[in-house]
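Residue-level structural notes
The residues making up each chain are set out below.
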Amino acid sequence: MIAQALMDGLIAGAMIGLGAIGITLTYSILRFANFAHGELISWGAYLALAVSGVLGYLSSDLTSSIGPFSFGWSLPLAAVLAIVLTGVLALVSDALLFGRLRAKGGSIIIMVMASFGAALTLRSLLEFIFTSKPVYYTNALQIALPLGGGMKATPDQLLTLGLAAVLVVAIHLLLTRTAIGRSMRAVSENQQLSGIVGIDVRKVIRTVWLLGAGLACVAGIMAGLLVQIRPHMGHDLLLPLFAAAILGGIGSVPGAMLAGLIVGLSESLAVQFIGAEWRAAVAFVILVAVLLIHPKGLFGRVA
Amino acid sequence: MTAPALSTQALIAGYERDLPIVRGIDFAIDAGELVVVLGPNGAGKSTLVKAIAGLVPIHSGSVRLGDRDVTAVPAHEKIRQGLAFVPQTENIFTTLSIHENLLVAANILPKEARSRRIAELYTMFPDLAARPSLKAGQLSGGQRQMLAVARALVVAPSVLILDEPSAGLSPKVATEVFRTLKTINETGVTILLVEQNVKAALAIAHRGVILVDGKLRHEGPAATLASDPIVAELYLGAHRQAVNA
């Protein structure tokens, strides 16, 4: 039972970690807690659903399951387009709302309140377009494979874990080994100095929106694949996401992923040992404890 | 006639339009010169160089880099046009390594030139070359200034502006910084330097300009300014006012 709780926690933690990376990047570079990040997760999931549906309609071959997985090629192909579209959605929200407030010198609290407004709008739009009825990428049932040590996982779950690991490494390499990654870290530390050394801060901000939204989309597709797709799915993940971003340390990608796993595992073990009704409280307790005891988190700077 | 390397025309600048700190400054620096901006506290020295660098709003007047008007050019574009600026504080990225600080600045160079230019700077600053992967936040005050100067030099600027590079440094380290600036100037880089350390700055400068209350009050060759009674009066006068206040 404990082994299975650990596996479930790891899978949930991988999704939380990916979402938290987006939160930590936007928080550290845009300097505000974006409460609309959850809606990017939901929109990513629904955009992938819509595009996947269109692709399946155009060619039924694309809906046939790939190997042991529950989905056909229509989903990975749709995911690529959905990532781009979620990025565009984030850029549009920046152009219409956050960028304008930034240009007017809007304080952090104004940006946060604006993100609440954006979240409500985006969530309501999803409910208006898709209704609040849960939907699924596939109706196929998967049998969990025994992994040894009392653990079981479906192929979809294992794919999700593997993909999360690959993405974390890729983003870490992007930040540490590429010019745009170094520029992002520089802007995160000091925007004025970044301008002085020739970094186009606006370009970096656009890149951060695209990257954060892309990761939110992937996290949304994972959540949709493993659980279900609902307009509130991203909003419901928001507390664990912020708990992971702050526990990992604002600005730290490995920190966000590690903390995502810790939050996921803690939630899963809480269900096992305390009761399912306490699951949601775990992220809150972690968040408050980190802010009180060690606000720098595991690897980053003060939240 | 060749245009000055850097010049300002009737420059008025400040953080708020109705409270200008720089109040109509005309001055020019010829290519290859090392000019020091002096003046009592609150004279507008730092605001002047920040306005030139694009960090403080310019309300009227103009800034020219050579024969180009760069008044409205944003800070991140000025470096591309050959104007490098080293702020007084927070002038390096402490969470990046020494090498990454240089790489970030080298982004605007053509790809093939980046490694070569950074290698040249490591030759010029051997202390930095010794530990390129060290986080810049772990450097001493003097090493940080050297990294900030090296970072500014990555793009081989035609004009280098520094805001009080000796602030907070021990006399020995400050002397080292001034010596380095003199060497850089001798390679042909035009330098505009804001300094409180009057004696040391005039010792390496060709010329000095003195600001008081946001206006250019006096200027002259460094050698004569060092013993100029007006300079002594401006500094000692300000000091006396402070003491009497």
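Residues numbered from 1 in each chain as written. Chains lettered and ligands numbered in written order. Predicted model: local features only at pLDDT ≥ 70, side-chain atom pairs only at ≥ 80, totals over all residues.

**Side note on the overall build of chain B**
Each helix and strand in chain B was counted, giving 10 helices and 10 strands. Relative to the 2.2 N^0.38 estimate, which gives 18 Å for 245 residues, the radius of gyration of chain B is 18 Å and therefore close to what a compact globule would have. Overall, the C-alpha framework of chain B stretches about 50 × 40 × 35 Å when taken along its three principal axes. Counting across all 245 residues of chain B, residues that qualify as buried make up 43%. Within chain B, residue pairs in contact and separated by at least 24 positions form 67% of the contacts whose partners lie at least 6 positions apart. (Helix = DSSP H or I, 4+ residues; strand = E, 2+ residues; numbered from the N terminus. Rg over C-alpha atoms; globule rule 2.2 N^0.38 Å. Buried ≥ 20, exposed ≤ 12 C-beta atoms within 10 Å, placed from the backbone. Contact = placed C-beta atoms within 7 Å.)

**Re the overall build of chain A**
Within chain A, the secondary structure is distributed over 11 helices and 2 strands. Along chain A, helices and strands appear, N-terminal first, in the series α-α-α-α-β-β-α-α-α-α-α-α-α. By the compact-globule yardstick of 19 Å for 303 residues, chain A fits well, its C-alpha radius of gyration being 19 Å. For chain A, long-range pairs separated by at least 24 residues make up 76% of all intrachain contacts whose partners lie at least 6 apart in sequence.

**Things to note about the sheet that holds strand β10 (residues 215–221) of chain B**
Residues and elements named next belong to chain B. Sheet architecture is open: 6 strands sit in the order β6-β7-β8-β3-β9-β10, paired in mixed fashion. Edge positions in the sheet fall to β6 (83–86) and β10, since each of these pairs with one other strand and no more. Ignoring which end each strand starts from, the neighbouring axes of this sheet average 15° apart. Bridge analysis of β6 against strand β7 (residues 159–163) gives 4 bridges, and the strand direction is parallel. By the bridge assignment, Leu 83 is partnered in β7 with Val 159. Across the face of the sheet, helix α1 (residues 45–53) comes into contact with β3 (34–38), β6, β7, β8 (190–194) and β9 (207–212) while running at roughly 145° to β7. (Pairing = 2+ DSSP bridges. Axes fitted to C-alpha atoms, helices over the stretch in contact; angles between N-to-C directions.)

**Points about the sheet that holds strand β1 (residues 6–13) of chain B**
Reading across from one edge, β2-β1-β4-β5 (chain B) is the order of the 4 strands in this open sheet, with antiparallel pairing throughout. A single partner strand is all that each edge strand has here, and the edge strands are β2 (22–29) and β5 (68–69) of chain B.

**Section: the interface of chain B and chain A**
Listed by partner, the interface residues are 21 residues for chain B and 16 residues for chain A. Elements represented by at least two residues in the side of chain B that touches chain A include exactly α2 (75–78) and α3 (98–106) of chain B. Counting residues per element, the side of chain B that touches chain A draws most heavily on α3(B), which supplies 4 residues. When grouped by side-chain class, the residues that make up the side of chain B that touches chain A number 12 nonpolar, 5 polar and 4 charged. (Nonpolar A, V, L, I, M, F, W, Y, C, P; charged D, E, K, R; others polar.)

**Observations concerning the packing of helix α2 (residues 37–58) of chain A against helix α8 (residues 201–226) of chain A**
All names here are of chain A. Viewed as axis vectors pointing N to C, α2 and α8 meet at an angle of 65°, and their least axial separation amounts to 7 Å. By crossing handedness, the relation of α2 to α8 is classed as right-handed. Packed against α2, whose contacting residues are His 37, Leu 40, Ile 41, Ser 42, Gly 44, Ala 45, Ala 48 and Leu 49, the element α8 presents Gly 212, Ala 213, Ala 216, Cys 217, Ala 219, Gly 220, Ile 221, Ala 223 and Gly 224 at the interface. Tallied by class, the residues present in the contact of α2 with α8 amount to 11 nonpolar, 6 polar and no charged. (Left-handed = near helix turned anticlockwise from the far one by under 90°.)

**Side note on the environment of Ala106(B)**
All names here are of chain B. Its location among the elements puts Ala 106 in helix α3. Sequence spacing of Ala 106 and Val 155 is 49 residues, and the spatial spacing of their C-alpha atoms is 6.5 Å. Beyond its immediate chain neighbours, meaning those up to four positions away, Ala 106 contacts Arg 114, Arg 117, Ile 118 and Val 154.

**Looking at the pairing of β1(B)**
On a regular strand, one side chain projects to one face of the sheet and the next to the other, so that they alternate. All names here are of chain B. Alignment of β1 against β2, held across 6 bridges, turns out to be antiparallel. Within β2, the residue paired with Leu 6 across the bridge is Ile 29. As paired strands, β1 and strand β4 (residues 58–65) are joined by 6 bridges and run antiparallel to one another. When the sheet's bridge partners are listed, Ser 7 is paired in β4 with Arg 64.

**Quick notes on the pairing of β4(B)**
Residue and element names in this part refer to chain B. Pairing analysis gives 2 bridges linking β4 to β5, with the strands arranged antiparallel. Within β5, the residue paired with Arg 64 across the bridge is Asp 69. What sits between β4 and β5 in their antiparallel hairpin is a turn of 2 residues, with Gly 66 showing a positive phi close to 60°.

**Some words on the packing of α2(A) against helix α9 (residues 233–248) of chain A**
In a pair of packed helices, the angle between the axes and the distance between the axes together describe the arrangement. All names here are of chain A. The geometry of α2 relative to α9 is characterised by a closest axis approach of 7 Å and an angle of 135° between their N-to-C directions. Looking at the two axes, α2 sits oblique to α9. Here α2 runs over α9; the crossing is right-handed. Facing α2, whose interface residues are His 37, Gly 38, Glu 39, Leu 40, Ile 41, Ser 42 and Ala 45, α9 presents Met 233, Gly 234, His 235, Leu 237, Leu 238 and Leu 241. (Parallel < 35°, antiparallel > 145°, perpendicular 65-115°, else oblique.)

**Quick word on unusual backbone geometry**
One non-glycine residue, Arg31(A), lies in positive phi territory at about 65°. In this structure, Arg31(A) sits in the loop between α1 (2–30) and α2. A positive phi angle is found at Asp213(B), which is not glycine, with a value near 50°. Among the structural elements, Asp213(B) can be located in the loop between β9 and β10. Residue Asp213(B) is classed as exposed on the basis of its 12 C-beta neighbours within 10 Å.

**Focus: the confidence of the model for chain B**
For chain B, per-residue confidence averages 91 on the pLDDT scale, and residues scoring 70 or more make up 95% of the total. Across the predicted assembly, pTM comes out at 0.88 and ipTM at 0.89. (pLDDT = per-residue confidence, 0-100.)

**Considerations on the nonpolar core**
If you look at the biggest cluster of nonpolar residues, it comprises 171 residues, and the most contacted ones within it are Ala244(A), Ala245(A), Leu192(B) and Leu193(B). Leaving out residues up to four positions away in the same chain, Ala245(A) has contacts with Ala20(A), Ile23(A), Thr24(A), Tyr27(A), Ile250(A) and Ala256(A). (Core = buried A, V, L, I, M, F, W, Y, C linked by C-beta atoms within 7 Å.)

**Some remarks on the environment of Ser266(A)**
Residue and element names in this part refer to chain A. For Ser 266, the position within the fold is in helix α10 (residues 253–273). The class for Ser 266 is buried, based on 21 C-beta atoms found within 10 Å. In this structure, the C-alpha to C-alpha distance between Ser 266 and Gly 13, residues 253 residues apart in sequence, is 9.1 Å. Ignoring sequence-local partners within four residues, the contact set of Ser 266 consists of Val 282 and Ile 286.

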